[in-house]
Amino acid sequence: MQDYIEAVRGRVCAVCIDGIFDGKQQFVCCGLPDDRTCPIEVYLPEVINVVESIDSPRMEDYVNVLRDNVCSACEQTEDGKCELRLHADCALNRYFMLVAGAIEEVRSQQAN
Ligand code: SF4
Ligand code: SF4
């Protein structure tokens, strides 16, 4: 799991609008308020399962499974809405392609 956490930090936190950066633009820490935890962190094992369970060139196929397996257990309402997503305030949704890329990178490193 540590490899995945580091890959996400390197690819996603490094460009996240909620990150705090030093004068050299190096990521320092997550800047979300204390009462919030990034869904990437909360659901990382489930997100890894989503990415591993799909083999498709269409990102939409990944997103559909993400909605079913992760969002349904998170903030999403029964009619499929999420206020955080609506306001582009979910890093997992905003950067899902980068998250999926980080997971794929670790998987391919582990396969070699
Ligand atoms: S919101 Fe998530 S992706 Fe963004 S800096 Fe915090 S932990 Fe990283
Ligand atoms: S889009 Fe909403 S429901 Fe899905 S992970 Fe983000 S905050 Fe949770």
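Fair warning: this is a prediction, and the values are worked out from it, not measured in the lab.

Asker: Help me understand the pattern of salt bridges, please; the structure alone is not making it clear to me.
Answerer: Where charged atoms of side chains with opposite charge meet at close range, the side chains can pair. This model, assessed by the stated rule, comprises eight salt bridges. Arg58 is the partner of Glu60 in a salt bridge, and the nearest nitrogen-oxygen pair spans 3.8 Å. On the basis of relative accessibility, which here comes to 48%, the residue Glu60 falls in the partly exposed class. In this structure Arg58 comes out as partly exposed when scored by relative accessible area, which is 44%. Residues Glu104 and Arg107 are paired through a salt bridge, measuring 3.4 Å at the closest nitrogen-oxygen approach. Placement of both Glu104 and Arg107 in helix H7 (residues 96–111) is noted, with a separation of three residues, approximately one turn of the helix. One salt-bridge network, held together by shared partners, links Glu52, Glu104 and Arg107.

Asker: Would you mind going over the site of ligand 1 with me for this structure?
Answerer: Inspection of the region around ligand 1 gives Val12, Cys13, Cys16, Asp18, Gly19, Phe27, Cys30, Leu32, Cys38, Ile40 and Ala91 as its neighbouring residues. For the shell around ligand 1, the residue count by class is nine nonpolar, one polar and one charged.

Conventions we followed
Residues numbered from 1 in each chain as written. Chains lettered and ligands numbered in written order. Predicted model: local features only at pLDDT ≥ 70, side-chain atom pairs only at ≥ 80, totals over all residues. Heavy atoms only, no water. Salt bridge = Lys/Arg side-chain N within 4 Å of Asp/Glu carboxyl O. Buried < 20%, exposed > 50% of the residue type's maximum accessible area, 1.4 Å probe, protein only. Helix = DSSP H or I, 4+ residues; strand = E, 2+ residues; numbered from the N terminus. Near = heavy atom within 4 Å. Nonpolar A, V, L, I, M, F, W, Y, C, P; charged D, E, K, R; others polar.

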